[in-house]
Amino acid sequence: ARGSRRCERLKAGCFECPPGWPVNLFATHQLNPLMKKLLLTVAAAFALALPALAADLTWLTELPKAQAQAKAEGKLVLMDFTGSDFCSSCMRLHKEVFATKEFAEYAKKRLVLMELDFPLKKKQPDALKEANAALAKQFKVDGYPTLIVLASDGKRLGEAEFDLFDATAKDVIAAIEKLAKKAKQ
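Residues numbered from 1 in each chain as written. Predicted model: local features only at pLDDT ≥ 70, side-chain atom pairs only at ≥ 80, totals over all residues. Heavy atoms only, no water.

### Points about the state of the cysteines
Here comes step 1: Applying the stated criterion to the full structure yields one disulfide.
Here comes step 2: Shown here is the disulfide that connects Cys87 with Cys90, its sulfur atoms set 2.5 Å apart. Around the S-S axis, the bridge from Cys87 to Cys90 shows a dihedral of about 75° and counts as right-handed.
Here comes step 3: Note on Cys87: relative accessible area 9%, which makes it buried. (Disulfide = S-S within 2.5 Å. Buried < 20%, exposed > 50% of the residue type's maximum accessible area, 1.4 Å probe, protein only.)

Structure representation (structure tokens):
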């Protein structure tokens, strides 16, 4: 495999080829077992670390507790009206926005998170169902997901508006900050 020709075994190079030639790290030849284990361990650790940040976020289910915490900490309340087990946009929002490091860091500094779930299959206590339904009626929620932002004093700032199909953490944060800025004026 050495010399002026490209490695015939891999077509993309191998560890026996001269420096500078492309190397396919996922090829099975010439990658010793220790290196394979190390690469898999690093990849698994990285894959587990990102969602772990978002798992650190606490989602409250009671508005009085959320408002009390927001007032004590000087934060906004983000109310997420969601259909966690049937609404594809809700699932996408949780998986691709709320589970990101960027959103988790922002939320820890700026938000008290509140989830108001309306699942079809998942069991919920009757008291929680009734409380969620009353809040949906109070805030005139007619679809999921709906993100409502409250000031630390409990005043409704508005509904965060963003493109449900393309939203990134940055888009959702910008929508929340737009409402917060408007409230300060």
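Right, picking up where we left off after that structure.
### Focus: the pairing of strand 2 (residues 76-82)
Here comes step 1: Among the seven residues of strand 2, seven are classified as buried, and the element is accordingly described as predominantly covered.
Here comes step 2: Here strand 2 shows two buried faces, one formed by Leu76, Leu78, Asp80 and Thr82 and the other by Val77, Met79 and Phe81.
Here comes step 3: Pairing analysis gives seven bridges linking strand 2 to strand 3 (residues 111-117), with the strands arranged parallel. Bridge pairing in strand 3 links Leu78 to Leu113.
Here comes step 4: As judged from the five bridges shared by strand 2 and strand 4 (residues 146-150), these two strands associate in the antiparallel manner. Across the sheet, residue Leu78 finds its bridge partner in strand 4, namely Val149. (Helix = DSSP H or I, 4+ residues; strand = E, 2+ residues; numbered from the N terminus. Pairing = 2+ DSSP bridges.)

### Some words on the nonpolar core
Here comes step 1: Grouped together as the largest cluster of nonpolar side chains are 26 residues, with contacts concentrated most on Leu78, Phe103, Leu111, Leu147, Phe162, Val172 and Ile176.
Here comes step 2: When contributions to this core are tallied by element, the ones reaching two or more residues are strand 2, helix 3 (88-98), helix 4 (101-110), strand 3, strand 4 and helix 6 (169-184).
Here comes step 3: With seven residues, the single largest contributor to this core is helix 6.
Here comes step 4: Here Leu78 is in contact with Phe98, Phe103, Leu111, Val112, Leu113, Met114, Leu147, Ile148, Val149 and Ile176, once residues within four sequence places are set aside.
Here comes step 5: One finds Leu60, Leu63, Ile148 and Leu150 within the second-largest nonpolar core, a separate group that totals 17 residues. (Core = buried A, V, L, I, M, F, W, Y, C linked by side-chain atoms within 4.5 Å. Contact = heavy atoms within 4.5 Å.)

### Describing the pairing of strand 4
Here comes step 1: The buried count for strand 4 comes to five of five residues, which makes it a mostly enclosed element.
Here comes step 2: Looking at chain direction, strand 4 and strand 5 (residues 156-159) are connected through three bridges and run antiparallel. Looking across to strand 5, one finds that Val149 is bridged to Gly158.
Here comes step 3: Where strand 4 hands over to strand 5, the hairpin turn is made up of five residues, of which Gly154 adopts a positive phi near 95°.

### A look at unusual backbone geometry
Here comes step 1: In this model, Tyr144 is joined to Pro145 through a cis peptide bond whose omega is -10°.
Here comes step 2: Of note in the backbone geometry, Lys140 takes a positive phi value of approximately 55° without being a glycine.

### Structural notes on the packing of helix 4 against helix 6
Here comes step 1: Two numbers describe how helix 4 lies on helix 6: the axes approach to 9 Å, and their chain directions differ by 25°. The pairing of helix 4 with helix 6 is recorded here as roughly parallel in orientation. In the crossing of helix 4 with helix 6, the sense of the turn from one axis to the other is left-handed. Contact residues: Glu102, Phe103, Tyr106 and Arg110 in helix 4; Ala169, Lys170, Val172, Ile173, Ile176, Glu177 and Ala180 in helix 6.
Here comes step 2: The residue makeup of the contact of helix 4 with helix 6, split by class, is seven nonpolar, no polar and four charged. (Axes fitted to C-alpha atoms, helices over the stretch in contact; angles between N-to-C directions. Parallel < 35°, antiparallel > 145°, perpendicular 65-115°, else oblique. Left-handed = near helix turned anticlockwise from the far one by under 90°. Nonpolar A, V, L, I, M, F, W, Y, C, P; charged D, E, K, R; others polar.)

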